[in-house]
Amino acid sequence: MYIRHKLTATLVALSTIPFVFVSFMAFVTVRNEIVTQKFHELGTLADLYKKRASQTTDTMVARGALRELVAEGLEQGETRDIIIGRKNEQGDAVFLVPPRFLSDPRATEVVSKDRKDVAITQALSGREENFTDMTDYRGVPVIAVTRFIPERGWGLVIKVDTSEVLLPLRNFRFALLILGGTSLLCCWILAILLAESLSRPVRLLTEAATAMATGSHSEQLNLIQQDDEIGVLARGFRLMQTQLGVKYEAYERQLRQRSAELIDIESRMRGITDALRNSALVSATDKQGTITYVNDKFVHVSKYRRAELLGRNHRILNSGDHPREFFDGLWKTVLSGSVWRGDVKNRAKDGSFFWVDTAIAPILNAEGEPAGFVSVRFLITDRKNEEIAKSQFISIASHQLRTPLGTIRWALESLRLSLGNNLPASQREDLDAAGRASESMMESIETLLLLSQIQAGKVGVTLSTISLSSLFEDFAASFRKQLGTRNQLLICDCPPGLNVKTDEKLLKEVLSSLLGNALKYSPDNSRIILRALEQQDMIRIEVVDSGMGIPAHEQSRVFSLYYRGENVLEAGIEGNGLGLSLVESLIRLLNGEVTFVSRQGKGTTFSLRLPVHSTR
């Protein structure tokens, strides 16, 4: 379409140029002819008037004769005018015969000699010429003929308005415009037809090429039957189109076959990928160990953002618990082209640790050498923690802590009873401190025993319907003395008749641990809230304090064994770091969950969610 329009415009422009030139020349020629003819007519008349004025000897008679000639020579309705003038003493022109179109001759009977653009001044200067660039006494453009009558010293001017002389030229110009418009229309039509004949083959070739680019090879080019260069190009294009069509069909068949195979492979891979994505931490590295891919579970467990992992080495997760020889053996195995398998302890971004059962397989290149590695890891943190807890328990039990500790407690109690108040105050305080330490140690041992039993599946659950309001009253009574020592207040908030079916003994153990922590870590004169509410088929129990709170960077480790906050250690508050680990284990045993919200220096809220009717 663009080529056709361009050709059309070019052809119209080329055809218009000679017409415009011829029209211009014709217009100039006609104009010159009209002006020449008018000068001849006015010149003949001027010569006649000059002769008459020269033959008369008497000035008055001559003036009268000229007036009669002027009156006879003028026709009504024309702009032709005859002007006769002479010079006055100053050399200015004075009219002898009043001009035809001057209503008040006295007002303009003198024309300054400096007016070179007025015909009468030229005539009085002796010039006998034809003028096309003059104005008359009215300031109107005129065509004028001037004559000088030396016998009288008169100047004679015969003039006609230029507009009247050129009036026939207007009709000629209108005719030229009509002829030019008709010619231009004809040129435009011919140009369109010619441009179409020139651009049509190019357009057909363009359409065929566009169709081939979109995969269609059926565009018809047999309409181009020319024997010129375009025809040769079209025949070559048809041959290429046929060959490409055959090859395209072959490729399309192969593509359909490969697509079916890929769909089958993709379906199988999707199943494998889904299984890995939901159950394993998957990563890939290059030969140097730089991470190039991690799946969502890897990001979630490591607590690093994907951008923080890509481009880094797995050393970013190094917990520091494995010796260097451990990783040397790992690299030696995978670089030899074999798969390495083992348990690895990693450190997440927030400082928490997690264990993974790891398999690292090399990706071999064409030469059979490792070009990269793929790692598949399964979380085994719980199992490892259980193993560690059991190991610790066995270690402690192997030393028979309970037996010597019982002997120590008995001995301390005997000393207190036998000596009584006979001991000095400092020794009595030491004896009391030793008693408290032994009691704390015994509590830790009992807690460890309970945790070990829970992990070993030896703790049974006995379900009963518990009135939470009654349970809360019991806690208020049992903690009354402890609350009074620091002027603390326990507020119990429980709707009447709210019950839960669970193991009462284990639930009391959980709430006792949480309330004990709330009292221990809250300041004097503070309030602790114990409340319960029903949420659909769950019971929510909250323990709220305004104590020290848990540092944000440590909150992921709250339920870890032996965890104690940095702020607690700095304050020197006693504890063994087993209570919250026991709480989590017991709540899980009761088919519930425990969560918390804490702000350092503002307090902590622990929330228990238990089913209204336990299914255990």
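The preceding data block contains the structure.
The structure displayed is predicted, hence computed values, not measured ones.

Rules of the game
Residues numbered from 1 in each chain as written. Predicted model: local features only at pLDDT ≥ 70, side-chain atom pairs only at ≥ 80, totals over all residues. Heavy atoms only, no water. Helix = DSSP H or I, 4+ residues; strand = E, 2+ residues; numbered from the N terminus. Buried < 20%, exposed > 50% of the residue type's maximum accessible area, 1.4 Å probe, protein only. Contact = heavy atoms within 4.5 Å. Areas by Shrake-Rupley, 256 points an atom, 1.4 Å probe, with all protein chains shown as cover. 1 Å grid on protein atoms, 1.4 Å probe; cavity = no way out; pocket = protein on both sides within 12 Å on 5 of 7 lines; lining within 4 Å. Points joined across faces, edges and corners; volume = space filled by probe spheres on them. Salt bridge = Lys/Arg side-chain N within 4 Å of Asp/Glu carboxyl O. Axes fitted to C-alpha atoms, helices over the stretch in contact; angles between N-to-C directions. Parallel < 35°, antiparallel > 145°, perpendicular 65-115°, else oblique. Left-handed = near helix turned anticlockwise from the far one by under 90°. Nonpolar A, V, L, I, M, F, W, Y, C, P; charged D, E, K, R; others polar. Expected span 1.5 Å × (residues − 1). Polar contact = N/O pair within 3.5 Å; in protein donor to acceptor, adjacent residues only side chain to side chain. Phe/Tyr/Trp six-rings, centres within 6.5 Å; stacked < 30°, edge-to-face > 60°. Pairing = 2+ DSSP bridges. Core = buried A, V, L, I, M, F, W, Y, C linked by side-chain atoms within 4.5 Å.

Draft legend 1. Representation of the overall build of the chain in the model. The secondary structure content of the chain amounts to 17 helices and 18 strands. When each of the 616 residues of the chain is scored for burial, the buried share is 37%. Excluding contacts between residues fewer than 6 apart, the proportion of contacts in the chain whose partners are at least 24 apart in sequence is 57%. Element-wise, carbon and sulfur atoms account for 55% of the exposed surface of the chain, whose accessible area totals about 36200 Å².

Draft legend 2. Local environment of empty space enclosed by the protein. In this structure the tally under the stated criterion is two cavities of 30 Å³ or more. Estimates place the volume of the largest cavity at around 60 Å³. Lining the largest cavity are eleven residues, with Ile 83, Val 118, Ala 119, Ile 120 and Asp 136 positioned closest to its centre. Elements represented by at least two residues in the lining of the largest cavity include exactly α3 (119-124) and β6 (154-161).

Draft legend 3. Quick peek at the pattern of salt bridges. Within this structure, the stated rule accounts for 14 salt bridges. Between Glu 542 and Arg 531 there is a salt bridge whose closest N-O contact spans 2.7 Å. One end of the pair, Glu 542, is in strand β16 (residues 538-544); the other, Arg 531, is in strand β15 (residues 527-535), and eleven residues separate them in sequence. Within this structure, Arg 305, Glu 308 and Lys 349 form a network of salt bridges that share partners.

Draft legend 4. The arrangement of the packing of helix α13 (residues 468-478) against helix α15 (residues 504-521) in detail. Direction vectors running N to C along α13 and α15 enclose 45°, while the axes themselves pass 12 Å from each other. Considered as vectors, α13 and α15 are oriented oblique to each other. In this structure, the crossing between α13 and α15 has a hand that is right-handed. Touching Leu 468, Leu 471, Phe 472 and Phe 475 of α13 are Leu 507, Lys 508, Leu 511, Ser 512 and Leu 515, all from α15. Class assignment of the residues belonging to the contact of α13 with α15 gives a composition of seven nonpolar, one polar and one charged.

Draft legend 5. Region of interest: α15. The first and last C-alpha atoms of α15 sit 26 Å apart over 18 residues, in line with the 26 Å expected at 1.5 Å per residue. All of the buried residues in α15 are Leu 506, Leu 507, Val 510, Leu 511, Ser 513, Leu 514, Leu 515, Gly 516, Asn 517, Ala 518 and Leu 519. Looking at where α15 begins, the residue whose side-chain oxygen comes 3.1 Å from the main-chain nitrogen of Lys 505 is Asp 503.

Draft legend 6. The arrangement of the packing of aromatic side chains in detail. In total, this model carries four aromatic pairs according to the counting rule given. Between the aromatic rings of Phe 596 and Phe 606, the centroid separation amounts to 5.6 Å while the plane-to-plane angle is 35°, which identifies the pairing as tilted. With Phe 596 in strand β17 (residues 593-599) and Phe 606 in strand β18 (residues 603-611), this residue pair connects regions lying ten residues apart in the sequence. With respect to burial, Phe 596 and Phe 606 carry one shared label: buried. The structure contains a cluster of three or more aromatic residues connected by ring pairs, namely Phe 559, Phe 596 and Phe 606.

Draft legend 7. Up close: the sheet that holds strand β13 (residues 489-493). Pairing within the open sheet is mixed, and its five strands lie in the order β13-β15-β16-β18-β17. The open sheet has two edge strands, β13 and β17, and neither has a second partner. Direction aside, the axes of adjacent strands within the sheet are offset by 15° on average. The pairing of β15 with β16 spans seven bridges and is classified as antiparallel. When the sheet's bridge partners are listed, Glu 534 is paired in β16 with Ile 539. In the packing of α13 onto the sheet, the strands contacted are β13, β15 and β16, and the crossing angle to β13 comes to about 175°.

Draft legend 8. Quick look at the sheet that holds strand β10 (residues 353-364). Strand order across the open sheet formed by five strands is β8-β7-β11-β10-β9, with antiparallel pairing between neighbours. Each end of this open sheet is capped by a strand with a single partner; those strands are β8 (291-294) and β9 (340-347). On average, each strand axis in the sheet is inclined to that of its neighbour by 30°, with strand direction left out of account. Pairing of strand β7 (residues 281-286) with strand β11 (residues 370-379), which is carried by six bridges, proceeds in the antiparallel orientation. Bridging across to β11, Ser 283 finds its partner in Ser 375.

Draft legend 9. Region of the structure containing helix α17 (residues 579-589). Burial analysis of α17 places eight of its eleven residues in the buried class, the great majority of the element. Those residues of α17 that fall on the buried side of the exposure criterion are Leu 580, Ser 581, Leu 582, Val 583, Ser 585, Leu 586, Ile 587 and Leu 589. Taken from the residues just after α17, Asn 591 is the one with a positive phi, measuring 65°.

Draft legend 10. Highlighting the nonpolar core. Ranked by size, the top nonpolar core spans 42 residues in total, and within it Leu 468, Leu 511, Ile 541 and Phe 606 carry the most contacts. Elements with a contribution of two residues or more to this core: α13, α15, β15, β16, α17, β17 and β18. Per-element accounting of this core gives the leading share, eight residues, to α15. Not counting chain neighbours up to four residues away, the residues in contact with Ile 541 comprise Leu 468, Phe 472, Leu 511, Leu 530, Arg 531, Ala 532, Phe 606, Ser 607 and Leu 608.

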